[in-house]
Amino acid sequence: MWTLADQLISSRFILGTAQYPSLDILCEAVIASKTNIITTSLKRQLQPSPHENLFWNTLKKLNCLVLPNTAGCRHAIEAVNMAEMARELFQTHWIKLEVVGDDYNLQPDVFELIKAAKLLIKNGFEVFPYCTDDLVLCQRLVDCGCRILMPWVSPIGSGKGILNPYALETLRTRLPDITLIVDAGIGKPSHATQAMEMGMDGVLLNTAVSSATNPIKMATAFRDAIIAGRTAHEAGLMSERNVAHPSTVLLDTPFWHGEK
């Protein structure tokens, strides 16, 4: 068990709910992942429909905490307005803050992100900002009052994995009391394990599971990979060496050399 914001939860895996082949597969993947938290776009919930909102009603049956996000927003005020609607709709003060500044790599607009974070924290939100791995940006978000940061490891949906390990290691070292959940760019379970071995507190992903040939098996693989990475971090990883070092230390001449 660990504490995320004001909730005690058992899983360090947060799973997105978009682009699955079907609602049934989405549900089975969420169950297989054993996640406590799922994230969804408010814009998806606000689509006008004369029929019952099947997607949202399905999510409610999963018995997970919902982390609504502001995906698709390009300006601070737009993100703030969407967050206010999310608080009313989902009955939560949690918000995954996304303010995109570039259409090509979907990189966050850091200036609008900080502006939105300040306003939302002032209004009582627990802000989960989707940000880059830039140390100064992350420090500014912490200065705004963010207790949780969600740095990317590479562009969202790219599956490239961790492109700048040094940046993540720096964040972990310089922000020891901040919850760090990697978000965007994870493509393989091994990427998630690597992030957790570095001391990240959790992993949020969507495409790596929803676009897999078998999303349910992939959700299981990521579940186990995240557990393995966290366990390895807690166990203490050996230091890398530049030279070979025998695993068996020889105290004297091999025993067979002394035989007559």
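The text that follows walks through the structure, step by step, so that each part is easy to find. (Residues numbered from 1 in each chain as written. Predicted model: local features only at pLDDT ≥ 70, side-chain atom pairs only at ≥ 80, totals over all residues. Heavy atoms only, no water.)

1. Here's the deal with the packing of aromatic side chains
Within the structure shown, the criterion is met by two aromatic pairs. Ring centres of Phe13 and Phe222 lie 6.3 Å apart, and the angle between their planes is 40°; on these two criteria the pair is classed as tilted. Linking Phe13 in strand S3 (residues 13–16) with Phe222 in helix H10 (residues 215–235), this pair joins segments that are 209 residues apart in sequence. Looking at Arg12, its charged tip hangs above the ring of Trp2, at a distance of 4.4 Å from the centre. (Phe/Tyr/Trp six-rings, centres within 6.5 Å; stacked < 30°, edge-to-face > 60°. Helix = DSSP H or I, 4+ residues; strand = E, 2+ residues; numbered from the N terminus. Lys NZ or Arg CZ within 6 Å of the ring centre and 35° of its normal.)

2. Structural notes on the side chain of Glu112
Along the chain, the position of Glu112 falls in helix H5 (residues 110–122). Accessibility expressed as a relative area gives 15% for Glu112, which makes it buried. Polar contacts involving the side chain of Glu112 include one to the side chain of Lys115, which spans 3.2 Å. Sequence-distant contacts of Glu112, that is, excluding residues within four places in its chain, are made with Arg74, His75, Ala76 and Val99. (Buried < 20%, exposed > 50% of the residue type's maximum accessible area, 1.4 Å probe, protein only. Polar contact = N/O pair within 3.5 Å; in protein donor to acceptor, adjacent residues only side chain to side chain. Contact = heavy atoms within 4.5 Å.)

3. So, the layout of surface pockets
The computed volume of the largest pocket comes to approximately 640 Å³. Taken together, 30 residues form the lining of the largest pocket, with Ala18, Lys96, Ile156, Asn206 and Thr207 sitting closest to its centre. Contributions of two or more residues to the lining of the largest pocket are made by strand S4 (37–41), strand S10 (202–205) and helix H9 (207–210). It is S4 that contributes the most residues to the lining of the largest pocket, three residues altogether. Looking at side-chain class alone, the lining of the largest pocket contains eleven nonpolar, 15 polar and four charged residues. A volume near 210 Å³ is recorded for the second largest pocket. Around the second largest pocket, the lining is made up of 14 residues, and of these Ser10, Ser11, Arg12, Ile226 and Ile227 lie nearest the centre. Among the elements that make up the lining of the second largest pocket, the one with the highest residue count is H10 (six residues). Looking at the lining of the second largest pocket, its residues break down into five nonpolar, four polar and five charged. (1 Å grid on protein atoms, 1.4 Å probe; cavity = no way out; pocket = protein on both sides within 12 Å on 5 of 7 lines; lining within 4 Å. Points joined across faces, edges and corners; volume = space filled by probe spheres on them. Nonpolar A, V, L, I, M, F, W, Y, C, P; charged D, E, K, R; others polar.)

4. Some words on the pattern of salt bridges
Considering all chains together, one arrives at nine salt bridges under this definition. For Arg230, the salt bridge is made with Glu234, and the minimal N-O distance between the two is 3.1 Å. Here Glu234 and Arg230 lie together in helix H10, a separation of four residues that amounts to about one turn. Given a relative accessible area of 18%, Arg230 falls into the buried group. The structure contains a network of salt bridges with shared partners spanning Lys96, Glu98 and Asp183. (Salt bridge = Lys/Arg side-chain N within 4 Å of Asp/Glu carboxyl O.)

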